[in-house]
Each structure stands twice: as C-alpha cells, then as structure tokens.
Amino acid sequence: MLDSKIPSGPIESKWEKSRFEMKLVNPANRRKHTVVIVGSGLACAAAAASLGQQGYNVHCFCFQDSPRRAHSIAAQGGINAAKNYRNDGDSIQRLFYDTVKGGDFRAREANVYRLAQISVNIIDQCVAQGVPFAREYGGLLDTRSFGGVQVSRTFYARGQTGQQLLLGAYQALEEQIAAGSVKMHSRSEMLDLVVVNGKARGVVTRNLVTGEIESTAGDVVVLATGGYGNVFYLSTNAKGCNTTAIWRAHRRGAYFGNPCFTQIHPTCIPVSNENQSKLTLMSESLRNDGRVWVPKKKGDTRPPTQIPEDERDYFLERRYPSFGNLVPRDVASRAAKEVCDEGRGVGPGGQGVYLDFADAIRRLGESVVREKYGNLFDMYEEITGDNAYKVPMRIYPAVHYTMGGLWVDYQLMSTIPGLFVAGEANFSDHGANRLGASALMQGLADGYFILPYTIPNYIASNSIEKVDTSHPEFGVVVEEVKQRVARLLAIQGKRTVDSFHKELGKLVWENCGMARSAEGLRSNLQKIPALREEFWNNLRIIGKGEELNQSLEKAGRVADFLELAELMCLDALEREESCGGHFRVESQTPDGEAMRDDERFSFVSAWEWKGEGDQWELHKEPLAFEHVHLAQRSYK
C-alpha cells in the first residue's frame with residue numbers, strides 16, 4: 001500500500017505542522033553523516049548548498065564538466081511566485097488553484113499547496129543571492145503572465161531566468177565546495193544505485209574521462225537528474241539529458257509515477273530537416289505579446305505580411321476568448337496541431353503556425369519589445385535567419401517537460417527508504433500538465449526549502465548502520481555495471497546508437513506524443529520490444545570502455561530509454577481517459593477537448609519493476625480533491 005505521508009490537519013497548516021514534527025540532527029552530529037546528491041541543476045545545487053551549509057558531508061555528481069552546464073540554465077521565461085506585487089488578485093490560494101486545475105486534477109493537493117506557500121520565499125532567497133530579476137521603473141520587481149492564469153505572477157530576467165537562477169544556486173554551491181562541506185564530482189555519470197538492507201546507501205558511477213567505474217557510499221541518496229523528454233529523440237532538452245539515474249533506481253525498487261504524462265510545448269522552432277538532433281524552445285513568455293494565427297484558407301502560401309487581417313485565423317483567441325493566447329501548453333499545442341492537420345499550417349511541410357508581434361510593436365514600440373524579449377528574438381534570427389521584428393516567428397509544438405518521474409511521498413522520498421527525488425525527476429507537483437514558469441519554482445522549493453527538512457528527519461528517525469564501499473553489496477553492483485558496459489561493447493553489430501534512438505523517438509512521438517490511441521499504443525508495445533531486441537544484437541560502438549567514449553555513454557542511455565518507452569506506452573494504454581498532456585483520441589468532448597474519467601482514473605499510477613522480461617505491476621495512489629473541486633477544465 002502506497003503511503004503518501006500527507007500530514008493531517010487543514011491544508012494551510014500541513015507543511016508548518018509537518019516541519020515542527022520532523023526530527024532534527026544535532027549540529028555536532030551532522031558531520032558524521034554523508035549525503036550523496038546526483039545532479040547539479042537548480043534542485044540539486046540548492047539541496048547540496050543547503051545541506052553542506054547545515055554541516056553534512058555532501059558528495060555531488062554531474063556528468064557535465066561544470067555544474068553551470070546543468071539543463072536548468074536553458075529555462076527562459078520566468079519563475080512563479082504568489083507575491084501579488086501587481087495587486088491583481090493573486091494569492092497562495094489562487095496559485096494553488098491554478099496549478100491543480102492546470103494539471104487537470106491529477107496532482108496531489110497537499111504537495112501543490114506547499115509549493116504555492118513556499119513560492120513567496122523563493123524570490124526573496126534569489127534576490128538575496130543577486131539574481132537580476134527585471135524591475136519596473138520605480139525599482140520594484142516586475143512580473144508577467146504565463147499560460148493558464150489570469151494574473152501576472154511570473155518573475156523573470158529577460159529570457160535568461162534559468163541561467164540567472166542557476167548562477168545564484170551555483171555560487172551557493174561553490175561556497176560550500178570551497179568550505180569543504182561539498183565534494184564535487186564532475187564528468188561522472190551515475191550508472192546504478194546501491195541498496196543495502198532495503199535502504200539506498202550509495203551510487204556507482206563511471207568517470208566519463210577515464211572510463212573508471214567508481215562507487216560512493218552515503219546515508220542518504222538524492223536524485224535530481226531532470227526529465228526523460230529525450231526518449232522522443234527530438235525535444236527541447238539538452239542532448240545529454242537522460243533517464244538513466246532514475247531508471248536504474250526504478251529497477252532497484254523505486255516505483256515510477258505517471259510515466260505517460262509528458263508535456264508538449266507549443267512555442268518551439270519547427271523541425272527543419274531529417275538530420276536535426278534537437279529542437280529549440282522559444283519562451284512561453286512570448287505569448288504575452290505575440291498573437292498566434294494561421295491563414296483561414298487551406299494551402300495559403302503567401303508571405304504573412306501579404307495576408308490581410310480578415311483572412312487570418314487567430315485560433316486561440318477564437319476558441320478560448322477568456323485566456324486567448326495564454327491557454328495552458330497542452331491546450332495550445334493540440335490546437336496548433338489541429339489547424340496544421342487541417343492543411344492550414346505554414347512554412348516547409350505545413351508544420352508551423354505564426355507568432356506575430358506586429359500589434360505589440362505598434363502598441364508598445366519596438367524598443368519596449370526588444371527590452372522584454374531581445375535575446376529571444378536574437379536567438380530566433382540566428383537559427384532561422386528571420387527578423388521577428390519584421391515578420392512573424394514560426395512555431396510548432398515539441399516535447400519539453402515530463403510530469404512523470406519516480407513516485408515520492410510528501411517528504412520527497414521514493415519507495416526505497418533513504419532515496420529522495422527532487423525537481424523534474426519526481427512526479428509530485430504538476431499532475432498531467434505543468435503550467436509555464438513552475439519548473440524553476442518546484443526545483444528551488446525542493447532544494448532550498450523541503451529537502452533540508454525531510455532529509456535530517458529521515459536520518460534522525462532511522463537507525464543507519466555504518467556502511468562503506470567495502471560492503472559486499474557495493475562489489476555486486478560494481479560488477480553488474482562492468483558487465484553491462486562490457487556487454488554493450490561486445491555486441492559489434494552494424495547500427496549506430498543514434499539510428500536506434502531516432503527510430504525509437506519516432507515511434508514514441510507518433511503513438512505516445514500529442515495524441516494517443518489504443519491501436520497506436522498496442523502497436524508500440526509490439527514494436528518497442530522488437531527494437532530493443534535488435535539493439536542488443538545489432539548495436540555497434542566504436543572504442544573502448546577505459547577511455548572517453550561518448551558513443552558508449554549514449555548507448556547506456558538509449559538502452560534505458562528503450563525500456564522506459566515501453567512503460568510509457570503501457571501506462572498510456574492503461575489510462576483510458578484524456579487529461580492534460582495525455583490525450584487519448586477515444587476520450588474527448590464534442591468540441592475536441594480532453595475528457596477525464598474521474599470515477600475510474602482519479603489516481604496516480606505507480607509502476608513497480610518486477611524483473612527482466614516480466615510485466616510491471618501497477619499500484620494506485622487515490623487522489624482526493626477537497627479544496628479544488630473536480631470540474632471539467634475550461635479556458636473558454
């Protein structure tokens with residue numbers, strides 16, 4: 001039975017009550033305990049810096065050459081917080097409501113309310129670190145709107161918010177590295193989790209420069225390794241983003257929550273050719289001032305400036321008059337796909353819609369638009385060659401974020417005692433769709449304000465025996481990792497890693513992407529295992545294991561994607577409803593909107609690995625909605 005460990009009492013006081021009841025570790029005893037943290041993005045850097053400052057011995061791992069290269073740096077538009085500086089009706093309650101509704105009622109209420117409460121502290125923390133948030137003329141912090149809300153609660157630093165927030169967390173982390181409380185292991189990739197007597201006690205890693213397999217022991221392990229969007233091959237994620245850390249933990253006993261809940265972002269630069277290896281995000285903040293449209297007539301190939309106003313279809317404004325261009329991402333993405341499928345898409349192949357700033361430039365002036373979005377416009381021009389001040393941007397939906405991840409309880413601990421999971425790597429706060437600007441909020445909330453309480457509580461509440469890397473279980477896992485690496489190198493087939501990844505990505509995109517059907521999912525559940533079988537028999541890796549070998553790195557990650565993709569399709573097939581980013585074509589309203597089935601599917605899917613070749617077992621965490629009453633989600 002899944003125990004979410006949600007505290008009793010009114011939702012407004014659950015977190016305060018829980019914090020007071022949590023056990024503490026004496027400052028003199030903290031140096032006796034070691035915390036292993038995998039990742040170095042916002043959630044990990046914040047947790048490592050905070051726990052190091054508290055006095056724990058922290059080992060922090062990242063596969064990049066520096067924590068500053070974590071994918072958190074790519075977040076552009078902003079970070080939400082219910083500070084109501086605009087005096088426009090925002091509040092903790094409204095942020096809570098918007099997030100539960102935006103996630104289509106598939107998130108745990110207690111976690112979401114805590115996130116809304118903590119949001120107001122995050123901004124103060126980041127300002128104190130020197131994050132250069134945009135400010136109004138009088139010096140107050142500025143905000144803007146994002147999809148799915150009717151207030152302005154998003155704090156931002158032009159189109160570089162993630163970068164600036166990561167620099168703040170990075171400086172806090174570096175301070176603790178210099179103080180000796182945090183030991184940083186860069187160019188090290190986690191390849192497995194070590195579980196001793198049922199508790200997470202360490203990790204096995206590969207040194208990406210030398211190829212050496214190493215192990216590290218600790219009293220607690222934290223995974224904050226981001227999402228698994230690269231299972232689709234083409235996504236807005238950095239090419240290195242992968243699922244290996246959380247997938248290896250899943251195989252060791254951590255349940256996987258809602259794997260089919262993936263997010264398609266509506267504002268990305270369209271695919272340009274078959275050889276493209278990733279996609280580029282254009283911040284959702286652009287939908288504040290940009291208007292989305294396509295020609296009314298099918299097959300209209302005239303340049304956008306030659307299409308008169310009365311021959312344009314501002315389809316989001318037409319279909320959703322209350323929210324217009326600021327509907328949530330899943331709604332905007334499906335609407336864009338529909339008009340393109342009708343034959344009204346623009347650009348090569350008709351896979352694009354316009355994002356037009358002409359009205360904003362006439363109303364505000366080019367200098368104001370440039371001040372708000374200049375670096376985004378520059379990036380767009382560098383990639384496409386088009387000046388978006390003169391002609392509309394072309395955008396199309398692309399894979400961006402994964403709401404699924406390892407299942408965690410209220411304290412962010414997985415089903416493996418001692419294994420905590422933070423940020424995008426867990427399933428906890430967003431339900432079936434994440435509202436824009438909430439990823440940075442969750443990462444920093446988990447790292448700065450939740451784990452520094454829940455990890456000491458775990459340490460103080462449990463008898464943690466002394467374990468180091470000489471324990472036999474470490475030797476067993478190290479040997480298993482070495483055998484897996486050797487098996488990959490020994491295949492010596494004919495196909496490259498990328499060819500398998502591309503083929504997998506196409507299957508997942510077509511049948512488990514923006515639209516899913518029982519027929520397509522069943523087809524994938526036949527094709528993906530067959531592709532995995534070929535992978536293990538026909539893969540070719542050049543080079544050796546005892547050296548820098550990026551082909552080997554990719555192979556291990558794709559091997560895990562090939563297993564994860566099957567579970568995603570199984571979860572999507574099992575959930576016979578549409579909700580948020582999970583759109584089953586068999587379950588939609590007469591006007592094409594997602595149609596939930598609350599009676600049958602108001603639960604979190606938590607999948608248990610049962611062993612190689614065996615079917616996963618589904619566990620269900622029922623979801624209760626006591627404060628935001630279930631209703632058909634509408635943005636009209």
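Use the structure listed above.
Predicted, not measured: the structure shown is a model, and the values here were computed from it.

*Asks:* So what exactly am I meant to see when it comes to the packing of helix H3 (residues 42-54) against helix H12 (residues 439-461) here?
*Replies:* How two helices sit against one another is set out by the angle between their axes and by the gap between those axes. For the pair H3 and H12, interaxial distance at closest approach is 8 Å and the crossing angle is 30°. Considering how the two elements wind past one another, H3 and H12 form a crossing that is right-handed. Judged by residue contacts, Leu-42, Ala-43, Ala-46, Ala-47, Ser-50, Leu-51 and Gln-54 of H3 engage Leu-440, Gly-443, Leu-444, Gly-447, Tyr-448, Leu-451, Pro-452, Ile-455 and Pro-456 from H12. Partitioning the contact of H3 with H12 into residue classes produces 12 nonpolar, 4 polar and no charged.

*Asks:* Just checking my understanding: could you explain the packing of aromatic side chains for this structure?
*Replies:* Here a ring pair, both rings aromatic, is described through the centre-centre distance and the interplanar angle of the planes. Tallied over the full model, the rule gives 24 aromatic pairs. When the ring of Trp-247 is compared with that of Trp-609, the centres are 6.3 Å apart and the planes differ by 80°; the resulting orientation is edge-to-face. Residue Trp-247 is found in helix H7 (residues 244-251), and its partner Trp-609 is found in the loop between strand E19 (603-608) and strand E20 (617-622); the two are separated by 362 residues along the sequence. Connected via pairs of aromatic rings, a cluster forms that spans Tyr-228, Trp-247, Phe-256, Trp-609 and Trp-616.

*Asks:* Is there a simple way to think about the environment of Thr-589 in this case?
*Replies:* Positionally, Thr-589 belongs in the loop between helix H16 (550-574) and helix H17 (598-601). A residue is classified by how much of its surface remains accessible, and Thr-589, at 15% relative accessible area, is buried. Linking Thr-589 and Arg-363, residues 226 residues apart in sequence, is a C-alpha distance of 37 Å. For Thr-589, the residues in contact, after removing those within four places along its chain, are Ala-594, Met-595 and Gln-632.

*Asks:* How should the packing of helix H4 (residues 92-102) against helix H5 (residues 109-128) be read in this particular structure?
*Replies:* Two numbers describe how H4 lies on H5: the axes approach to 9 Å, and their chain directions differ by 135°. When the interaxial angle is binned, H4 and H5 end up oblique. When the axes of H4 and H5 are compared, the crossing they make is right-handed. Contacts from Ile-92, Gln-93, Leu-95, Phe-96, Thr-99 and Val-100 of H4 reach H5 at Glu-109, Val-112, Tyr-113, Ala-116, Gln-117 and Ser-119. A class-by-class count of the residues in the contact of H4 with H5 yields 7 nonpolar, 4 polar and 1 charged.

*Asks:* Please explain the pattern of salt bridges as it appears in this structure.
*Replies:* Once the charged atoms of two side chains with opposite charge are near each other, the side chains can pair. This structure, assessed with the given rule, holds 55 salt bridges. Residue Lys-372 pairs with Asp-289 through a salt bridge whose shortest N-O separation is 2.9 Å. With Lys-372 in helix H11 (residues 366-384) and Asp-289 in the loop between strand E12 (262-268) and strand E13 (291-295), this residue pair connects regions lying 83 residues apart in the sequence. Residue Lys-372 is classed as partly exposed on the basis of its relative accessible area, which comes to 23%. For Asp-289, a relative accessible area of 9% translates into the label buried. Between Lys-337 and Asp-341 there is a salt bridge; the shortest N-O distance is 2.8 Å. Note that Lys-337 and Asp-341 are positioned in helix H9 (residues 329-344) at a spacing of 4 residues, about one turn of the helix. Here Lys-337 falls in the partly exposed class, since its relative accessible area comes to 26%.

*Asks:* Please clarify how the sheet that holds strand E6 (residues 182-185) should be interpreted in this entry.
*Replies:* What links the strands of a sheet is backbone hydrogen bonding, and the strands pair in either a parallel or an antiparallel sense. If you walk across this open sheet you meet the 5 strands as E6-E2-E1-E10-E18, and the pairing is parallel. The sheet is open, and its two borders are formed by E6 and strand E18 (419-421), each paired with just one other strand. Recorded for the sheet is a direction-independent mean angle of 20° between the axes of neighbouring strands. Of the pairings in the sheet, the one linking strand E10 (residues 220-223) to E18 comprises 3 bridges and is parallel in character. The residue bridging Val-222 from the neighbouring strand is Phe-420, located in E18. Along the sheet, H12 contacts strand E1 (34-38), E10 and E18; its crossing angle with E10, the most-contacted strand, is approximately 150°.

*Asks:* Explain helix H1 (residues 14-21) here, please?
*Replies:* Spacing of three or four residues puts side chains on the same side of an α-helix, whose turn is 3.6 residues. All of the buried residues along H1 are Lys-14, Trp-15 and Ser-18. The arc enclosing the buried residues of H1, seen along the axis, measures out at 90°, which places them on a common side. Residues of H1 that are buried make contact with H5 and H12.

Rules and cut-offs
Residues numbered from 1 in each chain as written. Predicted model: local features only at pLDDT ≥ 70, side-chain atom pairs only at ≥ 80, totals over all residues. Heavy atoms only, no water. Axes fitted to C-alpha atoms, helices over the stretch in contact; angles between N-to-C directions. Helix = DSSP H or I, 4+ residues; strand = E, 2+ residues; numbered from the N terminus. Left-handed = near helix turned anticlockwise from the far one by under 90°. Contact = heavy atoms within 4.5 Å. Nonpolar A, V, L, I, M, F, W, Y, C, P; charged D, E, K, R; others polar. Phe/Tyr/Trp six-rings, centres within 6.5 Å; stacked < 30°, edge-to-face > 60°. Buried < 20%, exposed > 50% of the residue type's maximum accessible area, 1.4 Å probe, protein only. Parallel < 35°, antiparallel > 145°, perpendicular 65-115°, else oblique. Salt bridge = Lys/Arg side-chain N within 4 Å of Asp/Glu carboxyl O. Pairing = 2+ DSSP bridges. Arc of directions from axis to C-beta.

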